[in-house]
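One letter stands for each residue in the lines below.
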Amino acid sequence: MAVVSYETRGDIGIIWIDNPPVNALSQALRDGIYRAINNAQGDSTKALLLICKGRTFIAGADISEFGKAPTEPAFNTVLESIEQSSKPVIAAIHGTALGGGLETALACHYRCAVSSATVGLPEVKLGLLPGAGGTQRAPRLTGVEAAIKLITSGNPIKAEAALGMKLIDHIVEGEALLEGALAYTQQLIDSNAPCICVRDLSIDPASYDPAIFDASRKLLSRQARGQMAPQCIVDCIEAAATLPFEEGLAVEQKLFMECMHSSQSAAMRHMFFAQREASKIKGLSKETAKREIKSVAVIGGGTMGGGIAMNFVNVGIPVTMLEINDEALQRGLAIVEKNYSISVKKGKLSEEKKQRCMDLISGTTNYQDLANADLVIEAVFENLAIKQQVFTTLDQVCKPGAILATNTSYQDVNAIAAVTKRPEDVIGLHFFSPANIMKLLEIVRADKTSDEVIATSMAVAKAIGKVPVLSGVCFGFIGNRMFSEYGRETQLCLIEGASAEQIDRVMEEFGMAMGPIAVSDLAGIDIGYKVREGMSDEEKGDPRSYCIADALVEQGRLGQKTGAGFYQYDPQTRARSSDPQVTALIEAQAAKYGVTRREFSDEEIRDRLLLPLINEGAKILQEGIAQRPSDIDVVYVFGYGFPVYHGGPMHYADHIGLETVYKKLSAFQQQTGEDYWQPAQLIKTLAESGSSFARWAKDQG
Ligand code: T1G
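Residues numbered from 1 in each chain as written. Predicted model: local features only at pLDDT ≥ 70, side-chain atom pairs only at ≥ 80, totals over all residues. Heavy atoms only, no water.

1. Observations concerning the sheet that holds strand S5 (residues 96-98)
For step 1, the next point in the chain: Reading across the sheet, the three strands line up as S5-S7-S8 and stay open at both edges, with mixed pairing between neighbours. Strands with a single pairing partner mark the edges of an open sheet, and in this sheet they are S5 and strand S8 (157-158).
For step 2, the next point in the chain: Alignment of S5 against strand S7 (residues 118-120), held across three bridges, turns out to be parallel. For Leu98, the partnering residue across the bridge sits in S7 and is Gly120. (Pairing = 2+ DSSP bridges. Helix = DSSP H or I, 4+ residues; strand = E, 2+ residues; numbered from the N terminus.)

2. With respect to the side chain of Arg608
For step 1, the next point in the chain: For Arg608, the location among the structural elements is in helix H25 (residues 602-622).
For step 2, the next point in the chain: Excluding residues within four positions of it along the chain, Arg608 makes contact with Glu489, Leu492, Cys493, Glu496, Arg598, Phe600, Phe668 and Trp677. (Contact = heavy atoms within 4.5 Å.)

3. Describing helix H29 (residues 681-688)
For step 1, the next point in the chain: Turning to H29, its buried residues are Leu682, Ile683, Leu686 and Ala687. End-on, the buried residues of H29 take up no more than an arc of 125°, which puts them together on one face.
For step 2, the next point in the chain: Residues of H29 that are buried make contact with H25, helix H28 (658-672) and helix H30 (693-700).
For step 3, the next point in the chain: Looking one or two residues beyond H29, the residue adopting positive phi is Gly690, at roughly 65°. (Buried < 20%, exposed > 50% of the residue type's maximum accessible area, 1.4 Å probe, protein only. Arc of directions from axis to C-beta.)

4. Details of the sheet that holds strand S11 (residues 319-322)
For step 1, the next point in the chain: Taken together, eight strands build an open sheet; the order of strands is S12-S11-S10-S13-S14-S15-S16-S17 and the sheet is mixed. Looking at strand neighbours, the two that pair on one side only are strand S12 (361-364) and strand S17 (467-471), the edges of this open sheet. Neighbour-to-neighbour, the strand axes of the sheet open up by a mean angle of 25°, direction not taken into account. (Axes fitted to C-alpha atoms, helices over the stretch in contact; angles between N-to-C directions.)

5. Details of the pairing of strand S14 (residues 403-406)
For step 1, the next point in the chain: Side-chain alternation along S14 places Ile403 and Ala405 on one buried face and Leu404 and Thr406 on a second face that is also buried.
For step 2, the next point in the chain: Here strand S13 (residues 375-378) pairs with S14 via four bridges, running parallel. Bridging across to S14, Ile377 finds its partner in Ala405.
For step 3, the next point in the chain: Handedness of the β-α-β unit built from S13, helix H15 (residues 384-397) and S14 comes out right-handed.
For step 4, the next point in the chain: Two elements, S14 and strand S15 (residues 426-431), share three bridges in a ladder whose sense is parallel. Residue pairing in the sheet places Leu404 in a bridge with Val426 of S15. (Right-handed = clockwise from strand over helix to strand, strands pointing away.)

6. A word on the nonpolar core
For step 1, the next point in the chain: Counting residues in hydrophobic clusters, the biggest one holds 91 residues, and the most contacted among them are Ile33, Ile93, Val144, Leu167 and Phe213.
For step 2, the next point in the chain: If one sorts the elements of this core by residue count, helix H9 (residues 229-242) sits on top with eight residues.
For step 3, the next point in the chain: For Leu167, the residues in contact, after removing those within four places along its chain, are Leu106, Arg111, Val119, Leu141, Thr142, Leu150, Ile157 and Ala162.
For step 4, the next point in the chain: In this structure, Tyr486, Ala618, Tyr640 and Val661 belong to the second largest nonpolar core, which totals 76 residues. (Core = buried A, V, L, I, M, F, W, Y, C linked by side-chain atoms within 4.5 Å.)

7. What to know about the site of the ligand
For step 1, the next point in the chain: Lining the immediate surroundings of the ligand are 27 residues, of which Arg55, Ala61, Glu103, Glu123 and Arg276 lie closest.
For step 2, the next point in the chain: Measuring from a nitrogen atom of the ligand, one finds a backbone N or O atom of Ile63 at 2.9 Å.
For step 3, the next point in the chain: Backbone polar atom of Gly100 to an oxygen atom of the ligand: 2.9 Å apart, as the coordinates give it.
For step 4, the next point in the chain: When isolated, the ligand has an accessible area of 990 Å², and the protein chains bury 74% of it.
For step 5, the next point in the chain: Looking at the shell around the ligand, the elements with two or more residues in it are S5, helix H3 (100-107) and helix H11 (263-277). (Near = heavy atom within 4 Å. Polar contact = N/O pair within 3.5 Å; in protein donor to acceptor, adjacent residues only side chain to side chain. Areas by Shrake-Rupley, 256 points an atom, 1.4 Å probe, with all protein chains shown as cover.)

8. Structural notes on the state of the cysteines
For step 1, the next point in the chain: Overall, the coordinates contain zero disulfides when judged by the stated rule.
For step 2, the next point in the chain: Free of any disulfide, Cys547 has its nearest neighbouring cysteine sulfur in Cys493, separated by 13 Å.
For step 3, the next point in the chain: When its relative accessible area of 4% is taken as the criterion, Cys547 is described as buried. (Disulfide = S-S within 2.5 Å.)

9. Quick word on the pattern of salt bridges
For step 1, the next point in the chain: By the definition in use, this model includes 50 salt bridges.
For step 2, the next point in the chain: Here Arg111 and Asp169 are joined by a salt bridge, their closest N and O atoms 3.7 Å apart. Of this pair, Arg111 sits in strand S6 (residues 110-114) while Asp169 sits in the loop between helix H6 (159-164) and strand S9 (170-172), and the two are 58 residues apart along the sequence.
For step 3, the next point in the chain: On the basis of relative accessibility, which here comes to 2%, the residue Arg111 falls in the buried class.
For step 4, the next point in the chain: By relative accessible area, Asp169 is classed as partly exposed at 36%.
For step 5, the next point in the chain: For the salt bridge of Glu352 with Arg356, the shortest nitrogen-to-oxygen distance reads 2.4 Å. One end of the pair is Glu352 and the other is Arg356, both in helix H14 (residues 351-359) and four residues apart, which spans about a single turn.
For step 6, the next point in the chain: With relative accessibility at 44%, the residue Arg356 sits in the partly exposed group.
For step 7, the next point in the chain: Bridged by salt links that share partners, the residues Glu485, Arg488, Glu489, Glu496, Arg598, Glu604 and Arg608 form one connected network. (Salt bridge = Lys/Arg side-chain N within 4 Å of Asp/Glu carboxyl O.)

10. With respect to the packing of aromatic side chains
Geometrically, a pair of aromatic rings is defined through the distance of the ring centres and the angle of the planes.
For step 1, the next point in the chain: On inspection of all chains with the given rule, the structure shows 13 aromatic pairs.
For step 2, the next point in the chain: An aromatic cluster of three or more residues is present, and its members are Phe432, Phe483, Tyr486, Phe510, Tyr636, Tyr640, Phe642 and Tyr652.
For step 3, the next point in the chain: The ring of Tyr567 has Arg576 lying over it, and the distance from NZ or CZ to the ring centre is 5.0 Å.
For step 4, the next point in the chain: The positively charged end of Arg598 is found above the aromatic ring belonging to Phe600, 4.1 Å away from the centroid. (Phe/Tyr/Trp six-rings, centres within 6.5 Å; stacked < 30°, edge-to-face > 60°. Lys NZ or Arg CZ within 6 Å of the ring centre and 35° of its normal.)

11. Observations regarding the domain arrangement of the chain
For step 1, the next point in the chain: Domain boundaries in the chain define domain 1 (4-249), domain 2 (262-282 + 627-701), domain 3 (296-471) and domain 4 (479-592).
For step 2, the next point in the chain: Here the C-alpha centre of domain 2 lies 37 Å away from the C-alpha centre of domain 1.
For step 3, the next point in the chain: At the interface, 13 residues of domain 1 touch eight residues of domain 2.
For step 4, the next point in the chain: Interface area, domain 1 with domain 2, both sides summed: about 880 Å², of which 65% is carbon and sulfur.
For step 5, the next point in the chain: Ranking the residues of domain 1 by area buried against domain 2 places Ile63, Leu126 and Gln227 at the top, with a combined share of 44%.
For step 6, the next point in the chain: In this structure, the connection of domain 1 to domain 2 is made through zero salt bridges. (Domains from an automatic or database assignment. Buried area = accessible area lost by both parts, 1.4 Å probe.)

In structure tokens:
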């Protein structure tokens, strides 16, 4: 199928682009545009229109081609052929003109769009920068400050805003892009409009404060800590403002290649595809029927229940919230109202949208009111017996075909399904707190969960803007099972001599949004304490891994919410600082358990916390709990703040090399004598054959 075709209508040559699914600029497409532009120079047309079939204008370079040998024609060669055209070239934009798509439009002499279109330069989200003149042309239209914001954020903007920033010249009325674009092009012809090359525009030095570049670098070193691309983008825009176009383009090309070859970009491109791959279920055909979800019920109006409910009303799906009594119900509805009010106060939500959402939530204490719900999500106390009681009732009142989901973090979904007569309709939908914000949704397939319920759950996850990952049933599923390894080693490093400050600094320097000790204080140390209250000594594991936390809770130091936990917190600024009382408490616990404290290197802390994540991830793969290593990466980046520029634990393991991972795990096993340091068989096998998780995944198909 030709990705580019050409037709003429009167004085206008139309260059049609058709490269589904998103008209990504593959080599074939670049070649097709290049030929079409050059061939049209000699015909009788007076202007050319560049327009796309399908759902969107060009959505960027073809990311799947990155990292491979460059192919002709080069991107900038194609854009120069557009810019040097003897007749005006007009870009007609619909859908999402992103990255190389917008850069192609900027090389045109004019740009028009339907009002529903969005444009943007999201390369920074791939650890890249616009590599086809975007950092040089955009500021020549928008000005320096707006260009820095647009390109370092990578966020798309609506057509109206793009018009205001001069990124586009005309908005087509209605959604009839072709007719509107043809009319606009004819107007340009009739008015003898010149070929305006953006590259020839200059940036007035008086239009920006030269200090903006260093100020932006400083801000980005905080906002995008450790990331290379944002800093390079500022360098490129400074070059656009201070150098001739060709020289600025050379700076862009140099820095683009540096980003392209960086491990950060490899990791972020890995995550781009991993996130999309995760919603593909092995053995589940695309034709699997999906049930329509037009109404949802949420059992439990606590923090989780309220957050879960918000996800659905945000996209217009009505929710019935059930609580055990009216007082609890009102409290639950108040949580939702408060969450929305905070967003309104921050200017993130209009009062009108808040009201529309609140109008879609109703409350009840009567299970009979849930009889017609298409999907019921249980979010009650994390106790198996209570959950089984809820599902017994749901099984009696809910209509046939209703999907019965549990939001459990740890409990056995098979044991919950077993109390119903419809285990095929039971599934785990594990949201992450705060449920209305965190993107990750673990979809837990129980032994009897039907394909239809899986497929429907994946579709629902996407509909509410979540990133779904399929998990099998085990204690903690994928994320929490791995996280408990990370938590154990954090506490053991603490009692063995590393300070809380050092542990948090090391992991924040690695790129975690927050160090593990600070996370405990934020979430509340009492959460783990309460979970352990219901566990046997054997289930609790090594007492050295929780004795400090228990001692803190028993002293009433629950974390930020009590002004003190592992750290003490300034009541005004909430700034954390170390507390000699805690140091003394740790030393007392070390003495109690006969632990000789010692100095730790930063590297040992990083290895002690990350390697168990990787090892447990490998065991999860061996057991078939996760479909593929990249799914585990998605869980960790979207659910636990793992730095996206390391690509997730399994991608990071491949980056450092599985032989290194295997050697370090074995060394810790010898050093501690603990079985949990035993390298997973999968790591041993792959290390010995010089392979990687990525190659193993490819072999698995
Ligand atoms: N290259 C290759 N494949 C792409 C792609 C791309 N740019 N964008 C999407 N796909 C695939 C995707 O993997 C999926 O495949 C299918 O298209 C549908 O995507 C030189 C260097 C456009 C907003 O970063 O943001 O230009 O799973 O599920 O939810 O300066 O795709 O079906 O097999 O996401 O409707 C810059 C990336 C590239 C935009 C549509 N552009 N794409 O979202 O569908 S770098 C981007 C998106 C660049 C230049 C630089 C979204 C979308 P499959 P989807 P969607």
